[in-house]
Protein chains: 2
Amino acid sequence: MDTKTTCLGVLALGEASGYEIRKAFEEGPFSHFADGGFGSIYPALNKLTDEGLVTCTAHYQEKRPSKKVYRLTEGGWDRLEQEMRARIPGEDKYRSDLLFILFFADWQDPAWIARVIDTRIDFYREKLEAMKDCSTLDGLMVGQRLVHGFGCAVYQAALDYLVEHRDAFVAAAGNCHDCRQTAAE
Amino acid sequence: MDTKTTCLGVLALGEASGYEIRKAFEEGPFSHFADGGFGSIYPALNKLTDEGLVTCTAHYQEKRPSKKVYRLTEGGWDRLEQEMRARIPGEDKYRSDLLFILFFADWQDPAWIARVIDTRIDFYREKLEAMKDCSTLDGLMVGQRLVHGFGCAVYQAALDYLVEHRDAFVAAAGNCHDCRQTAAE
DNA sequence: TTCGAATATATCGGTCCGATATATTTTGAC
DNA sequence: GTCAAAATATATCGGACCGATATATTCGAA
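Notes on the interface of chain B and chain A
Alright, step 1. Tallying the contact residues gives 74 residues for chain B and 75 residues for chain A.
Alright, step 2. Summed over both sides, the interface of chain B with chain A buries roughly 7500 Å², with 67% coming from carbon and sulfur.
Alright, step 3. Contact with chain A buries surface across chain B, with B:F100, B:F103 and B:R180 losing the most and accounting together for 12% of the total.
Alright, step 4. Taken together, the connections running from chain B to chain A amount to 6 salt bridges.
Alright, step 5. Taking the shortest distance from any N to any O, the salt bridge between A:D35 and B:R95 comes out at 2.9 Å.
Alright, step 6. Those elements that place two or more of their residues in the side of chain B that touches chain A are helix 1 (3–11), helix 4 (74–85), strand 3 (93–95), helix 5 (97–103), helix 6 (110–132), helix 7 (142–172) and helix 8 (179–183) of chain B.

So, the nonpolar core
Among soluble globular proteins, nonpolar side chains are generally buried collectively.
Alright, step 1. If you look at the biggest cluster of nonpolar residues, it comprises 112 residues, and the most contacted ones within it are A:F30, A:L102, B:F30 and B:L102.
Alright, step 2. Sequence-distant contacts of B:F30, that is, excluding residues within four places in its chain, are made with A:F100, A:F103, A:F104, B:G9, B:V10, B:L13, B:A24 and B:F25.

Considering a nonpolar patch on the surface
Alright, step 1. A cluster of nonpolar side chains, namely A:Y19, A:F38 and A:Y42, defines an oily patch on the protein surface of about 310 Å² accessible area.
Alright, step 2. Summarising the element assignment, A:Y42 is placed in helix 3 (residues 38–50).

Some words on helix 7 of chain B
Residue and element names in this part refer to chain B.
Alright, step 1. Relative to the 45 Å expected for 31 residues at 1.5 Å per residue, helix 7 spans 44 Å between its end C-alpha atoms, a close match to the ideal helical length.
Alright, step 2. Taken as a whole, helix 7 carries its principal kink of about 55 degrees at H165.
Alright, step 3. One or two steps after helix 7, the chain reaches G174, where phi turns positive at roughly 80 degrees.

Quick notes on the packing of aromatic side chains
Alright, step 1. Counted under the stated rule, the structure contains 31 aromatic pairs over all chains.
Alright, step 2. Judged by centre distance (5.7 Å) and plane angle (50 degrees), the rings of A:F33 and B:F103 are tilted. Within this pair, whereas A:F33 is found in the loop between helix 2 (18–26) and helix 3, its partner B:F103 is found in helix 5, the two belonging to separate chains.
Alright, step 3. Taking relative accessible area as the criterion, A:F33 reaches 2% and is therefore assigned buried.
Alright, step 4. According to the relative accessible area criterion, B:F103 is buried, its value standing at 2%.

A look at a negative patch on the surface
Alright, step 1. Together, A:D122, A:E126, A:E129 and A:D133 make up a region of like negative charge exposed at the surface.
Alright, step 2. Along the chain, A:D122 turns up in helix 6 (residues 110–132).

With respect to the environment of B:C152
Residue and element names in this part refer to chain B.
Alright, step 1. Relative to the assigned elements, C152 resides in helix 7.
Alright, step 2. Each C-alpha atom of the pair C152 and K127 lies 9.1 Å from the other, and the pair is 25 residues apart in sequence.
Alright, step 3. The contacts of C152, once residues within four sequence positions are left out, are L128 and M131.

Let's talk about the pattern of salt bridges
When the charged atoms of two side chains lie near each other, side chains of opposite charge can form a pair.
Alright, step 1. Evaluated as defined, the whole model comprises 22 salt bridges over all chains.
Alright, step 2. Through salt bridges with shared partners, a single ionic network connects A:K4, A:E51 and A:R79.

Considerations on the packing of helix 1 of chain B against helix 2 (residues 18–26) of chain B
Residue and element names in this part refer to chain B.
Alright, step 1. At their nearest, the axes of helix 1 and helix 2 sit 10 Å apart, and the two run at 95 degrees to each other. Looking at the two axes, helix 1 sits roughly perpendicular to helix 2. Side by side, helix 1 and helix 2 meet where T6, C7, V10 and L11 of the first sit next to I21, A24 and F25 of the second.
Alright, step 2. Tallied by class, the residues present in the contact of helix 1 with helix 2 amount to 6 nonpolar, 1 polar and no charged.

Description of the side chain of A:S17
Alright, step 1. Within the secondary structure, A:S17 sits in the loop between helix 1 (3–11) and helix 2.
Alright, step 2. Residue A:S17 is classed as buried on the basis of its relative accessible area, which comes to 6%.

Structural notes on the relation of the copies chain B and chain A
Alright, step 1. The two copies are related by a screw motion: chain B maps onto chain A through a turn of 180 degrees and a shift of 0.0 Å along the axis, at an RMSD of 0.0 Å. Both copies are brought into coincidence by an operation consistent with a two-fold rotation axis. Identified as the residue of chain B closest to the rotation axis by C-alpha distance is B:Y94, at 2.3 Å.
Alright, step 2. Comparing interface residues between copies, 100% of those in chain B also sit at the interface in chain A, which points to an isologous, same-surface contact.

What to know about the environment of B:I21
Residues and elements named next belong to chain B.
Alright, step 1. Tracing the backbone shows I21 in helix 2.
Alright, step 2. On the accessibility criterion, I21 (0% relative accessible area) is buried.
Alright, step 3. Put simply, I21 and Y70 are 49 residues apart on the chain and 9.7 Å apart in space, counted from C-alpha to C-alpha.

Definitions and cut-offs
Residues numbered from 1 in each chain as written. Chains lettered and ligands numbered in written order. Predicted model: local features only at pLDDT ≥ 70, side-chain atom pairs only at ≥ 80, totals over all residues. Heavy atoms only, no water. Contact = heavy atoms within 4.5 Å. Buried area = accessible area lost by both parts, 1.4 Å probe. Salt bridge = Lys/Arg side-chain N within 4 Å of Asp/Glu carboxyl O. Helix = DSSP H or I, 4+ residues; strand = E, 2+ residues; numbered from the N terminus. Core = buried A, V, L, I, M, F, W, Y, C linked by side-chain atoms within 4.5 Å. Buried < 20%, exposed > 50% of the residue type's maximum accessible area, 1.4 Å probe, protein only. Patch = residues over 30% accessible without salt bridge, like charges linked within 9 Å, V, L, I, M, F, W, Y side chains within 5 Å. Areas by Shrake-Rupley, 256 points an atom, 1.4 Å probe, with all protein chains shown as cover. Expected span 1.5 Å × (residues − 1). Bend = angle between axes of the 7 residues up to and from the residue. Phe/Tyr/Trp six-rings, centres within 6.5 Å; stacked < 30°, edge-to-face > 60°. Lys, Arg positive; Asp, Glu negative; His and termini not counted. Charge placed at Lys NZ, Arg CZ, Asp CG, Glu CD. Axes fitted to C-alpha atoms, helices over the stretch in contact; angles between N-to-C directions. Parallel < 35°, antiparallel > 145°, perpendicular 65-115°, else oblique. Nonpolar A, V, L, I, M, F, W, Y, C, P; charged D, E, K, R; others polar. Least-squares fit on C-alpha atoms with pLDDT ≥ 70 in both.

The quantities given are spatial measurements derived from coordinates; they are silent on function.
Here is the structure:
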């Protein structure tokens with residue numbers, strides 16, 4: 001889904017400003033399967049306004065930049081529904097710099113490998129704790145709760161794998177002292 | 001990692017053409033944590049050649065476009081090592097159109113929800129089978145095998161969750177006949 | 001009191017990606 | 001045996017996307 005469509009999705013939960021949409025992508029309920037920075041969100045919101053899919057109301061605030069609150073129009077609802085039924089969704093995209101580094105673990109310093117894995121283990125533990133004690137789950141739609149559960153399940157599997165194989169990764173590191181020659185076959 | 005760096009990574013396993021690099025991203029050992037289409041790979045390869053990080057040798061073939069084979073230089077090896085140790089790797093990116101659709105399951109047609117989930121379950125089953133019987137695992141470095149295992153573990157967790165909650169998703173669908181009003185609070 | 005984080009919008013340059021163009025060989029189905 | 005489809009192989013273009021940056025104020029913590 002492009003940024004325009006994911007913005008429509010956030011706005012389907014209630015009116016929001018560009019800033020609030022970004023929070024939904026970064027920390028909110030959309031954070032584990034969608035994203036978008038300001039450089040994508042603001043242009044997308046302008047295009048959506050031009051196409052009549054959202055309305056924009058400026059809420060003037062005395063001491064801050066005036067907040068522009070966006071809201072779906074009937075056309076916006078139609079477009080969102082249409083996008084969600086348009087095609088069987090394509091394969092998920094999963095990109096990981098950590099896995100790229102770990103792939104070449106054999107050629108690297110054991111201490112460095114240990115450090116990147118331990119950092120990630122800590123990160124996953126915190127993330128999962130925050131997701132689980134998430135009391136804001138009440139009142140959500142069933143789909144939202146299930147998708148949240150999907151996120152937890154996948155993070156948990158990643159964490160478990162890292163914990164279980166941490167030592168094997170570290171042991172692999174530093175065993176190949178001549179990688180450039182080895183790779184040259 | 002940008003496309004230039006991931007290309008260096010593929011070339012670290014042996015010389016390759018642009019076409020072969022793409023296969024490594026699409027089906028090969030890099031497929032579950034990196035990617036890049038021709039539109040990214042060819043320009044990246046040109047830049048790497050300009051910077052002296054790879055060399056390009058044209059292998060003329062009689063009846064096909066001549067194959068340009070790229071190979072890492074010493075500078076290329078240095079750059080790759082440097083990139084992998086430059087910083088603690090950032091959070092993985094996970095993007096999913098399926099989860100976006102499922103998030104709004106309550107508002108959608110049960111048959112459609114069943115179809116998208118069943119399609120994905122089939123996809124994961126095939127993918128996992130292909131990954132597990134992967135006899136090409138012999139002779140790989142330890143890091144490569146472990147990263148492969150990580151991919152299997154995460155795909156398995158995703159598959160298990162979908163199988164277990166498929167009926168709950170379908171049951172959620174179609175229960176909300178008035179989503180636009182409901183969303184308006 | 002000062003420094004960083006949060007609130008809030010916006011742009012710009014560079015990168016990335018899907019679609020498309022081109023051309024031949026191999027594979028497989030009927 | 002023939003024909004279509006898939007694989008081999010490189011390349012570009014326009015539009016979308018993203019990180020960095022600019023601007024300005026308030027709030028809380030050290």
